[in-house]
Number of protein chains: 2
Amino acid sequence: MTPTRKWFTAAAALAAALLLASAQAADPLPSWNDGAAKRSIIDFVGRVTRKGTPDYVAPAARIATFDNDGTLWAEQPMYFQFLFAMDRVKAMAPQHPEWKDREPFASILKGDMKGALAGGERALMEIVMTTHAGMTTEEFDKTVRDWAATARHPRFNRPYTEMVYQPMLEVLAYLRANGFKTFIVSGGGIEFMRPWVEKAYGIPPEQVVGSSIRTKLEMRDGGPVLVRLPEVDFIDDKAGKPVGINSRIGRRPIASFGNSDGDREMLEWTQAGLGPRLMVLVRHDDDKREWAYGAESKIGTFSDALAAEAKKDGWTVASMKNDWRKVFAFEK
Amino acid sequence: MTPTRKWFTAAAALAAALLLASAQAADPLPSWNDGAAKRSIIDFVGRVTRKGTPDYVAPAARIATFDNDGTLWAEQPMYFQFLFAMDRVKAMAPQHPEWKDREPFASILKGDMKGALAGGERALMEIVMTTHAGMTTEEFDKTVRDWAATARHPRFNRPYTEMVYQPMLEVLAYLRANGFKTFIVSGGGIEFMRPWVEKAYGIPPEQVVGSSIRTKLEMRDGGPVLVRLPEVDFIDDKAGKPVGINSRIGRRPIASFGNSDGDREMLEWTQAGLGPRLMVLVRHDDDKREWAYGAESKIGTFSDALAAEAKKDGWTVASMKNDWRKVFAFEK
């Protein structure tokens, strides 16, 4: 090789390396494999942020809503809020000796989940209300914070707040960097989520829509407190999601992310607006790095009807197995 | 005068003029007269934004809540939303010939407000539900927009959206310029306010907390709509205000602005938090430029007990007559 040729080859290699590095640095979704799902997200953001084009959306109208369980963090072996309730029953048991002989508590204390849930809806509500009501909002907030700081996921032995999906954190950050306001719209309890979502997702308390129980203002020790009552206020699931979005946000999202039948109405509501829209469903099909479940699962049901609707309406279906380079940040 | 002396005098005059202009430019509340009320607002903002001091509050926690009727816009001769309902009854009357003989509608159509309200709470609810329910959220939104664009205040002959208080617009802008997030927390209907508050106050729909009726998701012409039901969902007044703040915002405000007994609990809730707080009550004591009313008024009641509590707890009471240089922007 002539010295000139050598120099040229070295320069070309350097240029190629620089180009690659710059392309990698510019990739807003590095935990996503290249493919249709990733492309649909990036294309959508490009379309709505390009000024002077018909698809341009003003920043104020760039509302994106995210389901939480199974979309932003895991939901197996069961909803984490239910695992929280189980832990609370155990922690509260010393003050309730009568629970030893009373269902559903007796079964929970014996570690028999099946027995605990044998009482159906009524047993479930009793567990939820016993553990989520009867205290002030500040007391409940502290309980959730303490639990989030200490409890560990049974399979991964990690704090639950680390069970969040790295690719979705990148989507949240990418949307916000492009002027979007990101909201959680979850069937989970609003006051169960607020204590930790700001740190976990960068979503402030006022951008969390969820299910709730009623509260009541009382004076205690000369000061006002809000007491959590054992009465359902709102269930933010299925047809409740558009209701919650309208009531709490007051604008229709232009992008929505879910993972199950519970998110269908939210995605339909998003799609029904005028202009460019992005509807994304996360598919749990990775039993190695996470879990594989779908139509048959009681938690995070992804029915065949949902799959058919997604296909017909051009919704993005993101396969954990194929579209995600990484599931959790703690993976090597 | 020697030429040097002359030059010096001219330069001094120029310097003084520049200083004055700069002081005026720096005044964030030009429609407020100098006095204790204005000072309390500016001092508070200075305290919570000074980094490295014990009173410093991080921007995310700078939440300010504002009542609407009587605090941000006028509420006489009666709540504007009620005047909207009256206008709606008249507009809907041709489709309801039976109203000619049915109260409270018959009285409204005759312009007899006293007769219309003779039926008390039940008549009021019937008026509200007839005019606010039974349509989709999008239809109601359009009705409110059309009304706001055309209806005029009976005394000032101005669109209602011009009946907003210039000094309060300055407070809103001043707080936002200092990193605050500004929310409306009003007894008024949330979907009555959202169509116009963004333009009037710079407050986006997702930062409006208010009273609401229930909605229900339905499919119409193959697409989802939300139908407004004649059922109360939430009353955001008095003890309901802290409930609404907790449910919708999820953080305690550090500053709250109101004008009546309906705001007492909101201001108490604000004050009960740790750290520096600002509680402000607007006093309607200017019957020339606006109205003078207080303890005796059914609308915007400012009881003696509220006045006593404000004094005892060091809340700011802003007198329209003395503290406000200007009430409405349209004043000369």
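The structure presented is a predicted model; accordingly, all values stated were derived computationally and were not measured. (Residues numbered from 1 in each chain as written. Chains lettered and ligands numbered in written order. Predicted model: local features only at pLDDT ≥ 70, side-chain atom pairs only at ≥ 80, totals over all residues. Heavy atoms only, no water.)

Across its full length, chain A carries 13 helices and seven strands. Structurally, chain A occupies a C-alpha span of about 90 × 45 × 45 Å along its principal axes. Counting across all 332 residues of chain A, residues that qualify as buried make up 53%. Here the contacts in chain A between residues at least 6 apart in sequence split such that 66% fall between residues at least 24 apart. (Helix = DSSP H or I, 4+ residues; strand = E, 2+ residues; numbered from the N terminus. Buried < 20%, exposed > 50% of the residue type's maximum accessible area, 1.4 Å probe, protein only. Contact = heavy atoms within 4.5 Å.)

Moving on to the packing of helix α10 (residues 240–248) of chain B against helix α11 (residues 264–271) of chain B. Residue and element names in this part refer to chain B. Running from N to C, α10 and α11 point in directions that differ by 55°, and their axes come no closer than 7 Å. In this view, α10 runs oblique relative to α11, as classed from their interaxial angle. When α10 is examined against α11, the residues Lys241, Pro242 and Ile245 are found in contact with a partner set consisting of Glu265, Met266 and Trp269. Taken together, the residues of the contact of α10 with α11 break down into four nonpolar, no polar and two charged. (Axes fitted to C-alpha atoms, helices over the stretch in contact; angles between N-to-C directions. Parallel < 35°, antiparallel > 145°, perpendicular 65-115°, else oblique. Nonpolar A, V, L, I, M, F, W, Y, C, P; charged D, E, K, R; others polar.)

Along the chain, Arg194 of chain A turns up in helix α9 (residues 190–201). Buried charge Arg194 of chain A goes without a salt bridge, the closest partner of opposite sign being Glu191 of chain A at 5.1 Å. Ignoring sequence-local partners within four residues, the contact set of Arg194 of chain A consists of Pro205 and Val208 of chain A together with Asn246, Ser247, Arg248, Ile249 and Gly250 of chain B. (Lys, Arg positive; Asp, Glu negative; His and termini not counted. Salt bridge = Lys/Arg side-chain N within 4 Å of Asp/Glu carboxyl O.)

Okay, the pairing of strand β6 (residues 278–283) of chain A next. Residue and element names in this part refer to chain A. The element β6 is largely enclosed, with a buried count of five among its six residues. Two strands pair when backbone bridges link them, and strand β5 (residues 255–258) and β6 are joined in this way by four bridges, in the parallel orientation. In the sheet register, Phe257 faces β6, and the bridge partner there is Val280. In this fold, β5 hands off to helix α11 (residues 264–271), which returns the chain to β6; that crossover is right-handed. Pairing of β6 with strand β7 (residues 316–319), which is carried by four bridges, proceeds in the parallel orientation. When the bridges of β7 are listed, Arg283 appears paired with Ser319. Regarding the hand of the β-α-β motif, the stretch spanning β6, helix α12 (residues 304–313) and β7 is right-handed. (Pairing = 2+ DSSP bridges. Right-handed = clockwise from strand over helix to strand, strands pointing away.)

The subject of this paragraph is the pattern of salt bridges. Residue and element names in this part refer to chain A. All chains considered together, the criterion is met by 46 salt bridges over all chains. Linking Arg264 and Glu268 is a salt bridge whose minimum nitrogen-to-oxygen distance equals 3.1 Å. Taken together, the residues Arg264 and Glu268, both in helix α11 and four residues apart, mark about one turn of the helix.

When chain A is fitted onto chain B, the two copies agree to an RMSD of 0.0 Å after a turn of 180° and an axial shift of 0.0 Å. The superposition of one copy onto the other is thereby described by a two-fold rotation axis. Of the C-alpha atoms belonging to chain A, the one lying closest to the rotation axis is found on Arg248 of chain A, 3.4 Å away. By residue overlap, the copies meet face to face through one surface: 100% of the interface positions of chain A are interface positions in chain B. (Least-squares fit on C-alpha atoms with pLDDT ≥ 70 in both.)

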